[in-house]
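Geometric and topological summary
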Amino acid sequence: MTSLTIGIIGLCIMLVLMFLGMPIAFVFGISGVVGMIAILGFNTGIGYMMTIPVTAAASYTLLVMPMFMMMGEVASHGGLTTDAYTSARYWFGHHKGGLAVTTTVSSAIFGAVCGSGVTTAMVFSQIAWPEMKRYGYSPRLGLAAIAAAGPLGTLIPPSVPLIMYGIMAETSIAKLFMAGWLPGILLLICLCITIFIWAKKKPKDAPLTDKYPLKDRLKSLIHVWPFLLLILLVMGGIWGGICTVNEGAAVGAVGATIITFAMRRMNVKNFVKCMKGVVGSGASFFFLFVGVQFFNSFMSLSGLPKALARWVSSLDVAPMTVIWLMVVIYLFLGCFLDVAPLMMLTVPIFAPIVANLGFNLVWFGIIVTFCGAIGCITPPVGMNLFVLANRVPDVKIGEIIKGVFPFILATFVALVLCMYIPQISLLLPGLMK
């Protein structure tokens with residue numbers, strides 16, 4: 001049996017284990033270990049694998065993950081994101097679809113801290129939905145808006161999926177962060193326009209809320225400065241070339257800690273609780289990353305990615321047709337996987353093909369992230385939909401699914417614009433020092 005055949009069989013086994021519900025880390029790890037032993041033999045295979053866990057976990061680049069996780073945990077426990085939502089509600093709540101727009105804008109802000117679309121949807125199902133429900137918003141609009149806004153966290157930096165893509169594709173994380181801003185803002189605008197059109201056509205789904213005096217609205221901005229300062233410290237330092245991505249992540253983690261303690265929003269007990277959450281999440285990520293490295297090493301030994309790249313390059317089709325084929329694959333897999341594991345599964349295989357076709361890997365990273373964003377709100381198995389159904393058990397998931405289709409269309413429009421206007425993604429990275 002050839003190495004290429006073993007690679008194809010290993011890939012199939014990996015997909016079967018994944019759809020059987022086995023934890024992703026074990027799926028990658030088992031497939032990779034068995035595959036390498038099949039190709040190299042037991043003794044050689046074990047010897048080859050001995051250095052992988054240490055080399056993978058000791059990577060300096062991976063330090064950025066727990067640092068941003070810490071920043072998100074501390075900012076969330078310190079109430080910085082709740083303050084941002086309250087301020088946004090004061091400014092936008094009295095307009096058509098105002099609370100849904102507020103939730104979308106606040107999700108973008110929260111996503112800039114936590115970097116996860118699923119987490120963003122989970123949090124705002126508890127923060128925003130009770131408020132919308134109190135004012136008479138329909139679940140079809142309100143919960144669908146929360147589900148659709150969640151993926152903003154995967155585009156707007158600091159984004160965990162963009163970090164993972166940078167590691168997998170060996171691409172500058174700093175440039176990926178800069179590349180995510182304009183597409184994230186574009187998606188935010190598309191979602192807000194969708195809400196406005198919905199509220200105008202079906203005003204009963206989005207009743208108007210109280211209008212606050214200008215004095216109160218201006219006063220609410222006072223509570224937003226800690227978050228804005230945090231983002232300025234992190235992203236300003238990275239964009240201006242003052243610090244690296246890892247240093248920026250450390251600045252964000254320390255900055256969030258200092259701000260929340262100074263505001264007396266954090267005490268030692270809550271800080272220890274945050275650190276336990278960071279350690280747990282960080283350990284899970286490192287374990288997953290080691291499993292992915294086993295699988296990537298197996299794929300490299302099998303020669304499957306290179307064979308696939310050669311086959312795609314030999315096709316008599318336009319390069320953009322190949323990109324569209326990848327987009328379709330991502331949209332399908334995105335229904336079952338969150339953006340991060342989706343990237344870990346596909347990027348090592350697709351990135352060489354994209355580079356060989358002459359496309360910019362930073363641009364492709366944004367496209368992949370967009371596809372993951374659409375996948376996690378696409379029925380029948382969009383992850384954000386099930387998160388909301390679990391968090392709001394009094395609303396049937398069918399209601400959320402019926403409401404989410406306009407937002408899927410809006411996100412797809414933003415994706416197509418980014419595909420055919422690369423400068424939306426590449427303008428800011430090109431201005432970096």
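Scope of this entry: the structure provided in the associated data block. Since the model is a prediction, treat every value here as computed from it, not as a measurement.

The next thing to look at is the overall build of the chain. When helices and strands are counted, the chain shows 24 helices and zero strands. In summary, the chain has a C-alpha radius of gyration of 22 Å against a globular reference of 22 Å for 433 residues, a match within 12%. A burial count over the chain gives 55% of its 433 residues as buried. A separation of at least 24 residues holds for 79% of the contacts in the chain among residues at least 6 apart in sequence. Accessible surface for the chain amounts to roughly 18,300 Å². Of this, 70% is attributable to carbon and sulfur atoms.

Moving on to helix H19 (residues 319-333). Taking 1.5 Å as the rise per residue, H19 with 15 residues should run 21 Å; its terminal C-alpha atoms sit 22 Å apart, in good agreement. Within H19, the full set of buried residues consists of Met320, Val322, Ile323, Met326, Val327, Tyr330 and Leu333. Buried residues of H19 fall within an arc of 150° about the axis and therefore sit on the same side.

Right, let's get into the side chain of Thr257. Within the secondary structure, Thr257 is located in helix H16 (residues 245-262). When its relative accessible area of 13% is taken as the criterion, Thr257 is described as buried. Of the polar contacts made by the side chain of Thr257, one reaches the backbone oxygen of Ala253; its length is 2.8 Å. The contact partners of Thr257, leaving out residues within four places of it in the chain, are Met70, Val74 and Phe271.

Bringing helix H13 (residues 173-201) into the picture now. Turn by turn, an α-helix covers 3.6 residues, leaving residues three or four places apart pointing in a common direction. For H13, built from 29 residues, the straight-helix expectation of 42 Å at 1.5 Å per residue is met to within 8% by its first-to-last C-alpha distance of 42 Å. A maximum bend of about 25° is found in H13 at Trp181, where proline Pro183 lies one to four positions downstream. Looking at where H13 begins, the residue whose side-chain oxygen comes 3.4 Å from the main-chain nitrogen of Ala174 is Ser172.

What follows covers the state of the cysteines. The full count for this structure, using the stated rule, is zero disulfides. Not engaged in a disulfide, the cysteine Cys190 finds its nearest cysteine sulfur in Cys418; these two sulfurs lie 8.7 Å apart.

Before going further, it helps to examine unusual backbone geometry. Positive phi outside glycine occurs at Glu170, with the angle close to 55°. By the secondary structure assignment, Glu170 is in the loop between helix H12 (160-169) and H13. Among the residues examined, Glu170 registers a relative accessible area of 75% and is labelled exposed. Even without being a glycine, Arg264 presents a positive backbone phi close to 60°. Within the secondary structure, Arg264 is located in the loop between H16 and helix H17 (268-302). Residue classification places Arg264 among the exposed residues on the basis of a relative accessible area of 78%.

Reading guide: rules and limits
Residues numbered from 1 in each chain as written. Predicted model: local features only at pLDDT ≥ 70, side-chain atom pairs only at ≥ 80, totals over all residues. Heavy atoms only, no water. Helix = DSSP H or I, 4+ residues; strand = E, 2+ residues; numbered from the N terminus. Rg over C-alpha atoms; globule rule 2.2 N^0.38 Å. Buried < 20%, exposed > 50% of the residue type's maximum accessible area, 1.4 Å probe, protein only. Contact = heavy atoms within 4.5 Å. Areas by Shrake-Rupley, 256 points an atom, 1.4 Å probe, with all protein chains shown as cover. Expected span 1.5 Å × (residues − 1). Arc of directions from axis to C-beta. Polar contact = N/O pair within 3.5 Å; in protein donor to acceptor, adjacent residues only side chain to side chain. Bend = angle between axes of the 7 residues up to and from the residue. Disulfide = S-S within 2.5 Å.

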